[in-house]
Amino acid sequence: MRKGIYLLPNTLTLCGMLMGFYSILASLKGNYIHAAWAILIAMIFDGLDGWVARLTHSTTKFGIELDSLSDLVAFGVAPAVMMYKWALAPFGRIGWTAAFLFLACGALRLARYNVQMGSTESKSFTGMPIPAAATIAASSVLFYYERWDIPPEKNWYILMMMVLLGFLMVSTLKYHGAKEIDFKRRKPFWILVAFVLVLMIIITHPPISLFILAMIYLFVGLAENAFLFYRKRRKQAREGITR
C-alpha cells in the first residue's frame, strides 16, 4: 500500500460497484428494468478490470480484495434485492429466505474462489461464478418484462431458480469462463466470426437474446457435468471389474 495502487483496474472495479449500488436504488424505487441493466453493465466492468489487470501486469492483493467486495455488491446484494422486491416478496419468509440464500451462497463462492485462486481455480470455475448467476437473474427480469407488463405474483419458477442458482454457486460442478481464453495467443479466424455473430444476435433483441444465452450457459453446464459424472462412474465400474 505504501508503494501506491494501480488506478485503471481499481477504477473499473469501483465502476462495477457503482452499477451494483445503482441497481439496488432502482430496485427500491420499483424500476426493475434499470436495476437489471445496471447488473449487466456491472458484469462488463467486472470483466474489464480483470482483463486490464492481467494485460498490464497490475494484479495486486488489494485489487483482488476490492474486486471481491465489488462483486458481492453488484452480483450478490443487488440481484438479491432486485429479485426479492420484484418477485419473491409475495412469498413472505420463504421469499426473503431464498433471496438471502442467493446472497449467502454468492459470498461463500467469492470466499472460496479467493482461497483457491492459483490452484484449483486456475482454469475452469468450481461452481457457477457469481457474475453468471447474477446475469441469469437480471436477464430473467428483462425477458419477463418483454413478454408481460406486470410483475409476477407468487411465481414458483423464479423462487426455485434463485434457490438453484445459490446451490450451483457453492457446488463443485465445473463451469467455464472467459479467463480460460488466452487473449495473448493467436486464435483461428472463425472465433472472431462467431463473436461477431453472437454480438449481432444480442443487438437484434437484447432482452430475449441475453435470456436465451444465459439459459444456454446454465443448462449446458448442467449437461456437461452430468456427462462427466456418467463417464467417471463408468470408468470406476470398469476399474472395479478389472480388479
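Not measured: the values here are computed from a predicted model.

A. Summary view of the nonpolar core. If you look at the biggest cluster of nonpolar residues, it comprises 50 residues, and the most contacted ones within it are Met82, Met83, Trp86, Leu88, Met128, Ile136 and Val141. The set of elements that each furnish at least two residues to this core consists of helix 1 (7-28), helix 2 (32-55), helix 3 (61-88), helix 4 (93-116), helix 5 (130-147), helix 6 (156-170) and helix 8 (206-242). Sorting elements by how many residues they give to this core places helix 5 first, with eleven residues. Sequence-distant contacts of Leu88, defined by excluding residues within four places in its chain, comprise Met83, Gly95, Ala98, Ala99, Ile158, Leu159 and Met162.

B. Geometry of helix 7 (residues 189-204). In this model, helix 7 (16 residues) spans 23 Å end to end at C-alpha, consistent with the 22 Å of a helix rising 1.5 Å per residue. Counting buried residues in helix 7 gives zero out of 16 residues, a small share hidden from the surface.

C. Here's a closer look at helix 6. With 15 residues, helix 6 ought to run about 21 Å at 1.5 Å a step, and its terminal C-alpha atoms sit 22 Å apart, in line with that. Restricting attention to buried positions, one finds in helix 6 the residues Ile158, Leu159, Met161, Met162, Leu165, Gly166, Leu168 and Met169. Capping the start of helix 6, Asn155 holds a side-chain oxygen 3.0 Å from the backbone nitrogen of Tyr157, two or three residues further along.

D. Just unusual backbone geometry, in detail. The residue Lys154 is not glycine, and still its phi comes out positive at about 50 degrees. Within the element layout of this structure, Lys154 appears in the loop between helix 5 and helix 6. Judged by its relative accessible area of 48%, Lys154 falls in the partly exposed class.

E. The packing of helix 4 against helix 5, seen in detail. One can describe the packing of helix 4 onto helix 5 by two numbers: an axis separation of 10 Å at closest approach and a directional angle of 155 degrees. Our classification of the angle between helix 4 and helix 5 gives roughly antiparallel. Together, Phe102, Gly106, Arg109 and Leu110 of helix 4 and Ile130, Ala133 and Ala134 of helix 5 make up the contact between the two elements. Broken down by class, the residue content of the contact of helix 4 with helix 5 amounts to five nonpolar, one polar and one charged.

F. Local environment of the side chain of Ser27. For Ser27, the location among the structural elements is in helix 1. A residue is classified by how much of its surface remains accessible, and Ser27, at 0% relative accessible area, is buried. Residues contacting Ser27, with those up to four places away along its chain left out, are Tyr32, Ala35, Val81, Met82 and Lys85.

Calculation rules
- Residues numbered from 1 in each chain as written.
- Predicted model: local features only at pLDDT ≥ 70, side-chain atom pairs only at ≥ 80, totals over all residues.
- Heavy atoms only, no water.
- Core = buried A, V, L, I, M, F, W, Y, C linked by side-chain atoms within 4.5 Å.
- Buried < 20%, exposed > 50% of the residue type's maximum accessible area, 1.4 Å probe, protein only.
- Helix = DSSP H or I, 4+ residues; strand = E, 2+ residues; numbered from the N terminus.
- Contact = heavy atoms within 4.5 Å.
- Expected span 1.5 Å × (residues − 1).
- Polar contact = N/O pair within 3.5 Å; in protein donor to acceptor, adjacent residues only side chain to side chain.
- Axes fitted to C-alpha atoms, helices over the stretch in contact; angles between N-to-C directions.
- Parallel < 35°, antiparallel > 145°, perpendicular 65-115°, else oblique.
- Nonpolar A, V, L, I, M, F, W, Y, C, P; charged D, E, K, R; others polar.

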